[in-house]
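A structural walkthrough
Okay, here's what each chain looks like letter by letter:
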Amino acid sequence: MSSAALFRLACGRFATGVAVLATRAADGIPHGLTINSFSSISLDPPLVMVAIAHDCSILEHFGENGFYAVNILREEQIDLSIRFAELPEGRFTGIAWTPGLVGAPLIEDALAVLECRTVQSVEVGDHRVLIGEVVDMRIGDGRPLVFFSGGYTGLM
Ligand SMILES: Cc1cc2nc3c(=O)[nH]c(=O)nc-3n(C[C@H](O)[C@H](O)[C@H](O)COP(=O)(O)O)c2cc1C
């Protein structure tokens, strides 16, 4: 097995939640992609990070001094995860969302939403890492969508 394949398998053994990372273009149009590279970093100040592949077609909308929302998905929202990973365009068409405090698209009925202002953007390997200061949050009740070993699952 190549080391790249082993790296992918090893990292895939780390179970994660799934989120739709969303922002708005200069013209106000919402854009988003499915991610599992979300992590909290700091409590004071409240900082999180996400990573976006350099070849992502909507990378340009996640720039320095920008903002984004991490919409954490419920287990019933697997269709949203597939949509925001695979639909080539119009991902937000027909999706209920509202602009947050700084304008990021907050998806209605997400399990939780963290709205962030980008405080640092770092090009690392083949990804852009965005460190965001959390400016607003919403939480709901329910169970998370889980990603493990390359597939969707849920909590036991
Ligand atoms: C469960 C899951 C997690 C993903 N996590 C990430 C991620 O953290 N960063 C990323 O850039 N792409 C991630 N992707 C892939 C992107 O969702 C996908 O490549 C992106 O939507 C492609 O956008 P584009 O077609 O506009 O280039 C993930 C996909 C899935 C299904």
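Before going into details, it helps to say that this report is about the structure given with it. Everything quoted here is computed from the prediction, not taken from an experiment.

Digging into the sheet that holds strand β12 (residues 151-153)
Taken together, three strands build an open sheet; the order of strands is β1-β11-β12 and the sheet is antiparallel. Edge strands, defined here as strands with exactly one partner in the open sheet, are β1 (16-17) and β12. As paired elements, β1 and strand β11 (residues 146-148) share two bridges and run antiparallel to each other. Looking at β11, one finds that G17 is bridged to V146.

Thoughts on the environment of S2
For S2, the location among the structural elements is in the segment before α1 (3-12). Given a relative accessible area of 43%, S2 falls into the partly exposed group. At 3.0 Å, the side chain of S2 forms a polar contact with the backbone nitrogen of A5.

Things to note about the site of the ligand
The ligand sits among 16 residues. The nearest are T34, S37, A51, A53 and S57. Its free accessible area being 650 Å², the ligand has 75% of it covered by the protein chains. The site holding the ligand turns out to be the largest pocket. Among the elements of the structure, β3 (30-35), β5 (47-53) and α2 (78-86) are those that each provide at least two residues to the shell around the ligand. Among the residues making up the shell around the ligand, the classes are represented as ten nonpolar, four polar and two charged.

Cut-off values and rules
- Residues numbered from 1 in each chain as written.
- Predicted model: local features only at pLDDT ≥ 70, side-chain atom pairs only at ≥ 80, totals over all residues.
- Heavy atoms only, no water.
- Pairing = 2+ DSSP bridges.
- Helix = DSSP H or I, 4+ residues; strand = E, 2+ residues; numbered from the N terminus.
- Buried < 20%, exposed > 50% of the residue type's maximum accessible area, 1.4 Å probe, protein only.
- Polar contact = N/O pair within 3.5 Å; in protein donor to acceptor, adjacent residues only side chain to side chain.
- Near = heavy atom within 4 Å.
- Areas by Shrake-Rupley, 256 points an atom, 1.4 Å probe, with all protein chains shown as cover.
- 1 Å grid on protein atoms, 1.4 Å probe; cavity = no way out; pocket = protein on both sides within 12 Å on 5 of 7 lines; lining within 4 Å.
- Sits in = over half its atoms within 2 Å of the grid points.
- Nonpolar A, V, L, I, M, F, W, Y, C, P; charged D, E, K, R; others polar.

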